Amino acid sequence: RIQHDLGSQTIDLNESSNKQLKNLDAIGGELSKKYLHQITNFLKLIHSGKIVIYGEGFSEIASSYMYKKLFTLGKSVYLLHGIDFEVLQKKSDMKFDLLIIVSKSGETAHCLKIAKLARENNIAVCSFTGNSNSHLSKLSNISFTYSDLHKLDDDVYYPNPFLGLCIIGFEELIRRYFEKYGIS
């Protein structure tokens, strides 16, 4: 039993974690109903495709996490950092099948630019955003949305669960990937 004392308040992390895991199971169930087709396509693309991942600002934290996870799983993956996607595509021998973009607002100009370029080159676009009505979500073949109280990324000062939910949602997708392809 792990506990932290916060002055006069004690929180049981095991109990809290168990509640969160039950909530994740519920989220997983909701994901299945709402996104089943998109999940299936996403799992196929990460299974055998060549992947490039992009996020800027705070979203780079989640995109970097996704890159490290997929790289650890032996996937052919490239993390885009400040390199122009068009240059990478022209100079690289790797022909990408999937572009994953993390953008809380889904309105970041460079994210929209590379999403459009990817679509023009028949590369599937998967976005993780906080706004299902964003331009990026609408441009994407696959779009996962995690509720965000602050739709635009204009004030990162206040608490915001987007990045945490993005990583948790991605881990749920990886769990499903293991399940689908019999990885233990």
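Remember, it's a predicted structure, so these values are computed and weren't measured experimentally.

K.L.:
Looking at this structure, I do not really get the overall build of the protein chain. What am I missing?
P.N.:
Counting its secondary structure elements, the protein chain contains 6 helices and 7 strands. Starting at the N terminus and ending at the C terminus, the protein chain contains elements arranged as β-β-α-β-α-β-α-β-α-β-α-β-α. Classification of the 184 residues of the protein chain by burial places 40% in the buried group. In the protein chain, of all internal contacts separated by at least 6 residues, the share reaching a separation of at least 24 is 65%. Counting only carbon and sulfur atoms, one obtains 53% of the accessible surface of the protein chain, whose full area is about 10,600 Å².

K.L.:
Looking at this structure, how should I read the pairing of strand β5 (residues 98–103)?
P.N.:
Of all the 6 residues making up β5, 6 are buried; the element is thus mostly covered by neighbouring parts of the structure. Side-chain alternation along β5 places L98, I100 and V102 on one buried face and L99, I101 and S103 on a second face that is also buried. Sheet topology places strand β3 (residues 50–55) next to β5; 5 bridges connect them, and they run parallel. Counted as the bridge partner of Y54 is I101 from β5.

K.L.:
Just to check I follow, could you spell out the side chain of E172 for this structure?
P.N.:
With respect to the helices and strands, E172 occurs in helix α6 (residues 162–180). Judged by its relative accessible area of 13%, E172 is buried.

K.L.:
I keep staring at the confidence of the model for the protein chain and nothing clicks. Help me out?
P.N.:
If pLDDT is low for a region, its predicted coordinates should not be looked at in detail. In the predicted model, the protein chain carries a mean pLDDT of 81, and the fraction of residues at 70 or more is 74%. Below pLDDT 50 for its whole length, residues 1–22 participates in 15 contacts with residues either more than four positions away or in separate chains.

K.L.:
Can you help me understand the packing of aromatic side chains in this one?
P.N.:
When we look at a pair of aromatic rings, we describe it by the centre distance and by the angle of the planes. Tallying each qualifying case throughout the model produces 8 aromatic pairs. Summarising the aromatic geometry, the rings of F42 and F128 are spaced 6.3 Å apart at their centres and angled 75° between planes, so their arrangement reads as edge-to-face. Here F42 is found in helix α1 (residues 13–48), whereas its partner F128 is found in strand β6 (residues 124–129), with 86 residues between them in sequence. Of the two residues, F42 and F128, neither departs from the other in class, the shared state being buried. Taking 5.8 Å as the distance between ring centres and 25° as the angle between the ring planes, the aromatic pair formed by Y67 and F71 counts as stacked. One end of the pair, Y67, and the other, F71, are both in helix α2 (residues 59–72), 4 residues apart, so they sit about a helical turn from each other. A residue is classified by how much of its surface remains accessible, and Y67, at 21% relative accessible area, is partly exposed. By way of ring pairs, the aromatic residues F42, F128, F144, Y146 and F170 are connected into one cluster.

Criteria and thresholds
Residues numbered from 1 in each chain as written. Predicted model: local features only at pLDDT ≥ 70, side-chain atom pairs only at ≥ 80, totals over all residues. Heavy atoms only, no water. Helix = DSSP H or I, 4+ residues; strand = E, 2+ residues; numbered from the N terminus. Buried < 20%, exposed > 50% of the residue type's maximum accessible area, 1.4 Å probe, protein only. Contact = heavy atoms within 4.5 Å. Areas by Shrake-Rupley, 256 points an atom, 1.4 Å probe, with all protein chains shown as cover. Pairing = 2+ DSSP bridges. pLDDT = per-residue confidence, 0-100. Phe/Tyr/Trp six-rings, centres within 6.5 Å; stacked < 30°, edge-to-face > 60°.

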